[in-house]
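Structural overview for review
The residues making up each chain are set out below.
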There are 2 protein chains.
Amino acid sequence: MSDWKAGSDARLPLYQRLREEIMDRIASGEWPPGEPIPTESELTRRYNIAVGTVRRAIDTLVNEGLLERSQGRGTFVRRPDFDASFFRFFRQVNAEGEASVPDSRILSASLQTPPPVASKALGLAHDASCICLERLRTLEDGSLLTEKIWLPAARFSGLLKVPLEEFDNLLYPFYEARFGQRIGSARETLTIASADAITSDTLGIALNDPVVVIERTALGYDQTPLEYRCSMGAAATFRYQIEIS
Amino acid sequence: MSDWKAGSDARLPLYQRLREEIMDRIASGEWPPGEPIPTESELTRRYNIAVGTVRRAIDTLVNEGLLERSQGRGTFVRRPDFDASFFRFFRQVNAEGEASVPDSRILSASLQTPPPVASKALGLAHDASCICLERLRTLEDGSLLTEKIWLPAARFSGLLKVPLEEFDNLLYPFYEARFGQRIGSARETLTIASADAITSDTLGIALNDPVVVIERTALGYDQTPLEYRCSMGAAATFRYQIEIS
DNA sequence: TAGTGGTCTAGACCACCTA
DNA sequence: AGGTGGTCTAGACCACTAA
C-alpha cells in the first residue's frame, strides 16, 4: 500500500496514478466486468489517499466508459456491451431511423491473397495471404448486403476450422470471444458504383443499377488494423445514419 | 449575488446552476470569446460558493469545449475553431481521403413555409415560417452539391438583410459570429434517389441519374434544433468518410 | 439501519505565467 | 512578487439501496 505507485511515473498526479492502478486491476481480470470495485472509502484506506482524489480518479474512468456508478450500490466495471458495440458500428437504419439486427450468413471462408487495397489497409505485405470471408446480410426490410471481409491470418489462426454455422450474426463480439481481437474503432468510406454481373445477380437487381459501396477498416484499441471489409448493397433501399458530435 | 439561482431550478446541484449561469453570461456576450472569465476565487466570492464547487462547474464546461483553462493565466471562453468545426461536420473527401474547403455560393435567402420534414426536424409548428437558403457548393474535384437549408426565423432574425455575398463559405462559424447560434452536434441521414428535372439540370447530370441525398439536423449545445438541411449531389462523384470510435 | 455514492465546504501547497 | 489554475486533503450532510 505504500509502494503501489512503483509501476508508474511518480511525477504524475496521484489521481492519474490511481486511475492507471484501477485500469490494471480491470485489465488483469482481478476486478471483472459486472462486479463492483472496492468502495471509495476502501480505496481511500488501501492507498492512503483522500476521498476527493479517489473520486477524481474514478470520475475520469466513468467518463471513459470503463466504470459505472450507481448511487447507494457501488461502482461497477462496465461489461462490454454487445448491443452498444453493434449499434456503434452499424449505420444502416430503416425509414423510421431505427437500426435492427440483420440476419447474416457466411457463404465461404478461405485463405487468399488479398487485393492491394485490402493488404494495404491491413498493413500487410502485398503478397501476404489473408483469411477471406464472403457474407450475405439480410436487413430488416428485406434488402441485401453482400460483403467480403479480409482478416490477417496471424491473428485469427484457427478461424478456418470454425464451421460456417458457428459464426455469429455479429462478427466483432465473435472476434473477441474466439480470438481475443477487440475492435475499438473503424473508418468507413462510402461511394456509389454500378453493379457488375455477379453483384447484380447476388443482390437481385439489374446490371448497372447503382450500388452503395462501403469500405471499412477496423482497428483494435491499440490501432492495429484487424479487419478490412467491403460491403455492397442496392442503392435504392439504402439508408445510412450518423451522429456527429 | 444572493438570488442568482432564481432563474434555474433550485433543486439542481449548485455546480449545475453555476454552469448554467456561466453559459448564460457567455451566450449573452457578457463574457466574450477569447476573453478570460472571472477567476475561480472571484466566482467563489461573487456567488458565495466553495472553490471546489466552482471548479466542478468549470470542469464540465471545459469538457464540453466552451471554456479553456490555462494554468497561471486564467480560464478563457473558447474562440470557435473554424478548422475544427469545419472538418468535424464535413464528411466528403477526395479519392486520397482528404477533405478540403469547398467553394459555396448562396443563390437565395427567403422566408418560406417549410415542408413538414423540415418543420418537424426543427421542432416547429407545421405552419411556422422559416428562413430558407438555397446554396450551391463546388467541391475540390469539380463536383457539385445543391443544398436547401431551413433555419428557425426567431433565432436568425436579421439574416434576410445580410447581402448574399457576405455569407461565409462555412455556415456554422457564420451562424455563431452573427447570431450567436453555436452548432454542437448533428445527425445525418444518407439515401440514394434519382434526379428530378430541376436537380439534374443544376448538377449537370442526366434525368434519373442517381443522386446522393444527405439530410442533416444540426443541434445547439443545449440540443435545440438550429438547422435542417438537405443536400444533393451526383452519386458518381460522391465519396463520404467517417470515423467510428 | 448501515453502507454506498452525490454534493459541498474550507482550507493547503504547488507549478506556472505575467509583470 | 503576486495571482492564476492544478492538485490534494479532511471533513460534512444528503439521497439512495440493500439487508
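Residues numbered from 1 in each chain as written. Chains lettered and ligands numbered in written order. Predicted model: local features only at pLDDT ≥ 70, side-chain atom pairs only at ≥ 80, totals over all residues. Heavy atoms only, no water.

Let us look at the packing of aromatic side chains. Residue and element names in this part refer to chain B. Taken as a whole, this structure holds 17 aromatic pairs over all chains when the rule is applied. Taking the centre distance of 6.5 Å and the plane angle of 55° together, the rings of phenylalanine 174 and tyrosine 175 count as tilted. As far as burial versus exposure is concerned, phenylalanine 174 and tyrosine 175 are alike and both buried. Centroid distance phenylalanine 174 to phenylalanine 179: 6.0 Å. Interplanar angle 75°. Geometry classified as edge-to-face. (Phe/Tyr/Trp six-rings, centres within 6.5 Å; stacked < 30°, edge-to-face > 60°. Buried < 20%, exposed > 50% of the residue type's maximum accessible area, 1.4 Å probe, protein only.)

This paragraph deals with the sheet that holds strand β3 (residues 103-112) of chain A. What the seven strands build is an open sheet, ordered β3(A)-β4(A)-β5(A)-β8(A)-β7(A)-β6(A)-β9(B); its pairing is antiparallel. Bordering the open sheet on either side are β3 of chain A together with β9 (239-244) of chain B, each of which pairs with just one other strand. Mean inter-strand twist for the sheet, computed between neighbouring axes without regard to direction, equals 15°. The pairing of β3 of chain A with strand β4 (residues 130-138) of chain A spans nine bridges and is antiparallel. (Pairing = 2+ DSSP bridges. Helix = DSSP H or I, 4+ residues; strand = E, 2+ residues; numbered from the N terminus. Axes fitted to C-alpha atoms, helices over the stretch in contact; angles between N-to-C directions.)

Residue and element names in this part refer to chain A. The tally for this structure, following the rule as stated, stands at 30 salt bridges over all chains. A salt bridge links glutamate 40 to arginine 55; the shortest N-O distance between them is 2.8 Å. Highlighted residues: glutamate 40 in helix α2 (residues 40-47) and arginine 55 in helix α3 (residues 51-63), separated in sequence by 15 residues. Close ionic contact of arginine 229 with glutamate 147 constitutes a salt bridge, the shortest N to O distance being 3.3 Å. With arginine 229 in strand β8 (residues 225-234) and glutamate 147 in strand β5 (residues 144-152), this residue pair connects regions lying 82 residues apart in the sequence. Residue class for arginine 229 comes out buried when judged on its relative accessible area of 5%. (Salt bridge = Lys/Arg side-chain N within 4 Å of Asp/Glu carboxyl O.)

Among the structural elements, arginine 216 of chain B can be located in strand β7 (residues 210-220). Side-chain polar atoms of arginine 216 of chain B contact the side chain of tyrosine 172 of chain B, separated by 3.0 Å. Setting aside residues up to four positions removed in sequence, arginine 216 of chain B forms contacts with Ile244 of chain A together with Phe89, Tyr172, Ala186, Arg187, Glu188, Glu227, Tyr228 and Arg229 of chain B. (Polar contact = N/O pair within 3.5 Å; in protein donor to acceptor, adjacent residues only side chain to side chain. Contact = heavy atoms within 4.5 Å.)

Interface extent is often summarised as the accessible area lost during association of the parts. By the assigned domains, chain A splits into domain 1 (4-77) and domain 2 (82-237). When each unit is reduced to the centre of its C-alpha atoms, the spacing between domain 1 of chain A and domain 2 of chain A is 37 Å. (Domains from an automatic or database assignment.)

Residue and element names in this part refer to chain A. Packing of α2 against α3 brings their axes to within 9 Å, and their N-to-C directions diverge by 115°. Relative to α3, the element α2 is oriented roughly perpendicular. Once α2 is placed against α3, the crossing between them reads as right-handed. Contact with α2, carried on its side by Glu40, Leu43 and Thr44, involves Val51, Val54, Arg55 and Ile58 of α3 and no other residues of that element. For the contact of α2 with α3, a count of residues per class yields four nonpolar, one polar and two charged. (Parallel < 35°, antiparallel > 145°, perpendicular 65-115°, else oblique. Left-handed = near helix turned anticlockwise from the far one by under 90°. Nonpolar A, V, L, I, M, F, W, Y, C, P; charged D, E, K, R; others polar.)

With that settled, consider the protein's contact with DNA strand D. In the vicinity of DNA strand D there are 22 residues, among which Leu14, Thr53, Arg56 and Arg73 of chain A together with Arg69 of chain B approach most closely. Across the atoms of DNA strand D situated within 4 Å of the protein, the share located in sugar and phosphate is 82%. Here a phosphate oxygen of DNA strand D sits 3.0 Å away from a polar atom, N or O, in the side chain of arginine 69 of chain B. Take glycine 72 of chain B: an N or O atom from its main chain is 3.2 Å from a base nitrogen of DNA strand D. Among the secondary structure elements, those contributing two or more residues to the surface near DNA strand D are α1 (14-27) and α3 of chain A together with α2 (40-47), β1 (67-70) and β2 (74-77) of chain B. The biggest single contributor to the surface near DNA strand D is α3 of chain A, with three residues. Classifying every residue of the surface near DNA strand D by side-chain character gives five nonpolar, eleven polar and six charged. (Near = heavy atom within 4 Å.)

On to the interface of chain B and chain A, then. On the side of chain A, 26 residues touch chain B, which itself brings 26 residues to the contact. Taken together, the two surfaces of chain B and chain A that pack against each other cover about 2400 Å², and 52% of this comes from carbon and sulfur. By the criterion of area lost to chain A, the three top residues of chain B are Ile192, Ile242 and Ile244 of chain B, representing 28% of everything that side buries. For the pair chain B and chain A, the number of links is two salt bridges. The tally of links between chain B and chain A comes to ten residue pairs in polar contact (both at pLDDT 80 or more). Mapped by element, the contributors of at least two residues to the side of chain B that touches chain A are α4 (82-89), β6 (183-194), β7 and β9 of chain B. Among the elements that make up the side of chain B that touches chain A, the one with the highest residue count is β6 of chain B (nine residues). Here the residues of the side of chain B that touches chain A sort into eleven nonpolar, seven polar and eight charged. (Buried area = accessible area lost by both parts, 1.4 Å probe.)

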